[in-house]
Structures are given as C-alpha cells and as structure tokens.
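# Reading the structure
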Amino acid sequence: MQRAESSIAAATGSPRREGLPALLLLAPFLAAFILFFLVPAFETFWLSLTESSLTRTNGFVGLANYATLVQDPSFWDALGNTFYFALLTVIPLTAIGLLMAMLVNHFVRAQGWLQGVFFLPFVLPISVMTLIADWMLQPSSGVINHILGGQRPWLADPSWALPAVAIGTVWWTVGFNMLLFLAGLRNIPAEQYEAAALDGASGWTLFRHITWPALRPVTTTALILQLIASLKVFGQTYILTSGGPFNTTRVTLHYMYETAFTQSDAGYAAAIAMAFVAVVILLSLLQVWLVRYLARRDA
Amino acid sequence: MNMSSAHKSNLGWSAVGAVCAIVLALLWAAPLLWALSTALRPELETVSADFHWLPQAWTLDAFRKTLAAGNLLRWLFNSALVALSVTVVTMAISLMAAYAFSQLRFRGKGILFALAMLAFLLPFEALLVPLFRTMNQLGMINSYAGIVLPQVVSPVVIYVFKQFFDEIPADFREAAVMDGAGPLRVLWSVYLPISGNIVWAMAIVTFIAAWNNFLWPFIIVTSTDMMTIPLGLTQTYDAFGVRYAQLMAAALLGAFPVALAYILFQKKVTQGFLAASGLK
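Residues numbered from 1 in each chain as written. Chains lettered and ligands numbered in written order. Predicted model: local features only at pLDDT ≥ 70, side-chain atom pairs only at ≥ 80, totals over all residues.

So, about the overall build of chain B. When helices and strands are counted, chain B shows 16 helices and zero strands. Relative to a compact globule of 280 residues, whose C-alpha radius of gyration would be 19 Å, chain B shows 24 Å and is clearly more extended. Its C-alpha atoms put chain B at 75 × 75 × 35 Å along the principal axes. The buried share among the 280 residues of chain B stands at 45%. If you take every contact in chain B between residues at least 6 apart in sequence, the share linking residues at least 24 apart comes to 75%. (Helix = DSSP H or I, 4+ residues; strand = E, 2+ residues; numbered from the N terminus. Rg over C-alpha atoms; globule rule 2.2 N^0.38 Å. Buried ≥ 20, exposed ≤ 12 C-beta atoms within 10 Å, placed from the backbone. Contact = placed C-beta atoms within 7 Å.)

Further remarks concern the domain arrangement of chain A. Along its sequence, chain A is carved into domain 1 (2-47) and domain 2 (67-298). Centre-to-centre separation of domain 1 of chain A and domain 2 of chain A, based on C-alpha positions: 39 Å. (Domains from an automatic or database assignment.)

Now for the interface of chain B and chain A. How big an interface is tends to be reported as the loss of accessible area on association of its parts. Taken together, the 79 residues of chain B in the interface contact 75 residues of chain A. Sort the elements by how many residues they give to the side of chain B that touches chain A and helix α1 (residues 3-39) of chain B lands first, with 15 residues. Looking at the side of chain B that touches chain A residue by residue, the class counts come to 56 nonpolar, 18 polar and five charged. (Nonpolar A, V, L, I, M, F, W, Y, C, P; charged D, E, K, R; others polar.)

Our focus in this paragraph is the domain arrangement of chain B. All names here are of chain B. Taken domain by domain, chain B consists of domain 1 (3-62) and domain 2 (63-276). Centre-to-centre separation of domain 1 and domain 2, based on C-alpha positions: 33 Å. At the interface, eleven residues of domain 1 touch twelve residues of domain 2. Elements that contribute at least two residues to the side of domain 1 that touches domain 2 include exactly α1, α2 (43-47) and α3 (61-68).

A word on helix α16 (residues 266-276) of chain B. Taken together, the buried positions of α16 of chain B are occupied by Val269, Gln271, Gly272, Phe273 and Ala275 of chain B. On its buried side, α16 of chain B packs onto α8 (161-186) of chain A together with α8 (155-166), α11 (196-212) and α15 (244-264) of chain B.

Within the largest apolar cluster, 166 residues are counted, with the highest numbers of intra-cluster contacts made by Met178 and Ile272 of chain A together with Ala97, Met248 and Ala251 of chain B. Those residues in contact with Ala97 of chain B that sit more than four places away from it in its chain are Leu25, Leu26 and Phe29 of chain A together with Ile158 of chain B. (Core = buried A, V, L, I, M, F, W, Y, C linked by C-beta atoms within 7 Å.)

Okay, the confidence of the model for chain A next. All names here are of chain A. With 94% of its residues at a pLDDT of 70 or more, chain A has an overall mean of 90. In the model of chain A, helix α1 (residues 2-12) stands out as the element of lowest mean pLDDT, 42, in contrast to helix α3 (residues 64-70), which has the highest, 97. Taken as a whole, residues 1-14 scores under 50 in pLDDT and shows twelve contacts with residues more than four places along the chain or in a different chain. (pLDDT = per-residue confidence, 0-100.)

A few words now on the environment of Val129 of chain B. Among the structural elements, Val129 of chain B can be located in helix α6 (residues 128-137). Separated by 90 residues in sequence, Val129 of chain B and Ile219 of chain B have C-alpha atoms that sit 9.1 Å apart.

This part covers the environment of Tyr238 of chain A. Residues and elements named next belong to chain A. As for its placement among the helices and strands, Tyr238 is situated in helix α12 (residues 235-241). With 24 C-beta atoms counted inside 10 Å, the residue Tyr238 sits in the buried group. Spatially, the C-alpha atom of Tyr238 lies 25 Å from that of Ile96, the residues being 142 residues apart in sequence. Here Tyr238 is in contact with Gly243 and His254, once residues within four sequence places are set aside.

Attention shifts here to the environment of Leu84 of chain B. All names here are of chain B. Within the secondary structure, Leu84 sits in helix α4 (residues 71-103). Taking the C-beta count within 10 Å as the criterion, Leu84 has 14 such neighbours and is therefore assigned partly exposed. Spatially, the C-alpha atoms of Leu84 and Trp211 are 8.6 Å apart, while their sequence positions differ by 127 residues.

Okay, the pairing of strand β2 (residues 57-60) of chain A next. Residue and element names in this part refer to chain A. As defined by bridge partners, strand β1 (residues 50-52) adjoins β2 across three bridges and the pair is classed as antiparallel. Residue pairing in the sheet places Thr50 in a bridge with Phe60 of β2. Between β1 and the antiparallel strand that follows it, β2, lie four residues. (Pairing = 2+ DSSP bridges.)

For the rest of this paragraph, the subject is the packing of helix α2 (residues 19-47) of chain A against helix α14 (residues 266-298) of chain A. Axis angle and axis distance: for two packed helices, these are the angle between their axes and the distance between the axes, and together they describe the pair. All names here are of chain A. At a closest axis distance of 7 Å, the pairing of α2 and α14 adopts a crossing angle of 115 degrees. Judged on the interaxial angle alone, α14 and α2 are roughly perpendicular. Handedness of the crossing formed by α2 with α14: left-handed. Judged by residue contacts, Thr44, Phe45 and Leu47 of α2 engage Ala266, Gly267, Ala270, Ala273 and Met274 from α14. Of the residues assigned to the contact of α2 with α14, the class counts are six nonpolar, two polar and no charged. (Axes fitted to C-alpha atoms, helices over the stretch in contact; angles between N-to-C directions. Parallel < 35°, antiparallel > 145°, perpendicular 65-115°, else oblique. Left-handed = near helix turned anticlockwise from the far one by under 90°.)

Next comes the structure, spelled out in structure tokens:
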C-alpha cells in the first residue's frame, strides 16, 4: 500500500505533472496579488480616464483629468514641495548613514550600542517621531527653542516647516541607510586596508581610494531607495503640519489624498497617482543613469 | 618609512571619529530620552517657565493617566492582532509561492514571477483610491480583514525566500520526492527546517513593518476603536488634550513593543532588513 502511494507521488514529482501542485501553492498569493495589486493598478489607470467619486464611476472623460492636471498650480506646488523635501533629505540621509556605518565599523567595542542607538528610531511608528518632534519644537516650552533661544514657531513658519519635518525624518530613518553601508563596509576585504597601510596610506587616503570606490554599489542602492522613499513622503507632513502653513508642506501624496478623500474626486486623484508613479520611475531611472555615468567618467 | 606618521595620523582620525560617534549617539538618543524625561514629570512642569532637563518631582502619573484614559490599550491590542495576522499570512503564502517559483516546473512561471516583481516598481500609494473603493464595496471599512489583507502581498519576501530556496541543493528535494512526499510536505519538512533563520528574520521585519504601517490603516479606519497604534497616536490631542507628559507617555508606550522586538532580535532584524533591500 505504502509503496503504491509513493510511486504515484514520485510520478507527480516529475516535471510534466508539477503544474497542478504549483498552481495550488501559488493560489493564495495569486488571489491576494490579483485582488490587492493587479486589479487596483489597472483601476487607477482606468479611473484616471473617468469622472468618478469615491463610491461611483460616472463616465469616461478621456484625458480630461490630465489636461486639468498640467494646468493645476496646486499640483505643481505640491510636486515642488515634494522635490524640496527630497532635496532636504536624500543627501543628508545618505551622508550621515555612511558616517554612522563607518563609526560603528571602527569602534568595535561600542558596536552593539552605537548601532542600536542609530537604528532604533527606524523601527518606531511614524507618530512616535511626530509626537516627540512636535513637543521638542513647541514655540514656548519646546526644548529646541530653549537651547537656541527665541520663540520661533518652527512648524508654523513657512520657511522652516518643511526643513523641520525633514530633520525629524533624518532622525527617524537614517538607521536604514547606516545598515546598508555597514553591510557594504563588511564586504571590503581587510587585506586591502592592510596593504595600503603598509604603503603608508591612512585616514582620508584610505577612504578615498579603498572605502569609497568599494562602496559604490551600496551608495547607488541607498541613494535610489532613499529618493523613492523621500518622494513618497506623506505621513510626517500630514501629521505635523497638515500641509500648512500656507500649503508649504502639502506634498504630492497629500494633494492626492485630499482630492480623493476630502473632495471625493477619485478620477482626478487617480490622475495625480499616475503622474506621481511616472515621476518616481523617471527620477529613479535618471538617478541610475547619472550614477553609472559618473562611475564611468571616474574610471 | 612613514609608519610612525601614519600611526600618528590614524590616532588623529580615531580621536575625530570618537568625538563624532559620541556627538551623533547623543543626538540620536536625545529625543527618546527627552520624551522619557517629560513623561516622568507632573503635567504642570511641562508648561512651567522654569526649564529643567530632569523632572523635579518624579512621577508615573502620566503613564497611569494615559493608560486609564482608555484607547491606548485597545490600539495596542489592534496593532498586535493586525501585525501578527499580517505576519502569519504573509509568511505562509510567500513560502508556498517562493517554493513553487524556485522548485517546481510549470508553464508561465517566468512571466508570473516577473509580474509579481512588478509590484516592487509600483508604489502602494498609487493604489490607495481603487483599494479604498473596493474595500468599501466589500464592506470591509473599519474591519480587521480590511486592514490586514492588502498588507499580505509582499513580493520582497517571496523574492528573498526564492533566492534562498534556489541555493538549496536539489538532492534534498529529490530524496523527499522519491519517498513520496507531496510539495506541501516537502516544503514543510525539508525546506522549512533549514530556512529557519531567514524565515524568522523576514517574519520579524514583516511584523515591525505591519505594526508601523500608518498609511493603509489611516485610509481604511475611521472608527477610534479600530485604530492601530501609529494611527491612534495621531488622535492623542483629542484623547488627552495638549498635555505633553501624557502625550510622551503615550508615544513611549506605543514605541515599546517594536523597540523591545528590535532590542531582543537585533541580529535578525538587521539580517531581515538587509535581505529585503537586496543586500545580504
């Protein structure tokens, strides 16, 4: 009996008969994937060509939503704020992440502690960061104004609100980049440093000629992941400033959210979503191309 | 010839590095320590004109009042339930899918895998509007299923598991298949035991990500009772008023579970996040 079963199973194990088991194993994932990814993805595109509310689809309008979009100053302002936020965060997050990784890697005895302190904020919920930031930035009783003197209302000041949110974001997420660089640093063979040290190289020279070139792939990864993450900013600004003061912190996704869920204009919100995806993909490709170009020029 | 000057210069760099390390560590620890120092003082001290780094009268009042005011425990419970469900379901369906993609031969495999990986490219944010409309039609607004289900599609996890399975020698599987074990059985008793490490790492990372997910619950939940911690903590001004000792106590209580998970499983968390970013 047992032998008979096993020969059947062995037969089903042959390449030709693996279609059914594969389908069964994939079914739960595929169901979720189709329902919660594929269909909504196509629906976003379809909705962007319609006039729709949050509950109803009223009719096909062709490219009308896109025509409105290119002439909508609110959209361009929001996109501009998003770029400004990316500008304020991508470079500091990458540079500080690298510096932290080098410190963790160098001070072997303090490694666990240092890494823990730098990385911990990254695992905390966004609203823990925003609650603490809001308290620290209070105009009258906040610790920041106590240290700097004055009573600046950071989050209500049009020129300071977005930079303040950016600083909070750097504190919150830099740990991830540190981790990427740390992995990169640990992949550099120690012999390279030893050989260079025998030649009398040290400090900056070692960094310039060994560390930095060896970290190039990691730096590329970190920059791209960071750019995408920064373009997707929403929660921080929404919670801390609700897009204010005077819309100076209203970012693209915030505008999409308001359009969909406050104005109940799902069609136009879908057009904003499509434009947003296009921007994210274009900028990522541009950045990949730029990094490659610089690498080739240096080589 | 330069040994001694190189040595001296290295010492110099070490000193600069030590200063940098201490300053950065203080800067990064300060906000949480300041939150703790605030949460441990009476509410009056947070509005007093006198500034003190440490509480003048230490008290657990803020923590007590925050917990008594109600919703926090409910939000913690919701978060735990949601994060655990997301983790268990994601692990189960991703392991099965990864095994099929890695070990079984079937038609359309390449296209299907490429399609699944497409989800990497398209930000979840772009799906919010249709997802909300679908959930609305299904009557899943303000339900646990509604919060959990869209979070279980995780191509990254499948990708990591597939990479891992790809490197397991074929002999392992062939022996089991010869013994008559079906695919689910082979996955469970041959592949899972040797994948323990990576499965735990991805599970913890998935748990932390689900615990911290703000955007989706923000869209799908409107009732205070169904909120998770990241969402609930944004409602604390309504719940507690602008009382900073209590707000900081709430923030720390909301941070505690994930912070603890990180501190307990530091290595696994590190490994999981690195695997998920495509670097090992």
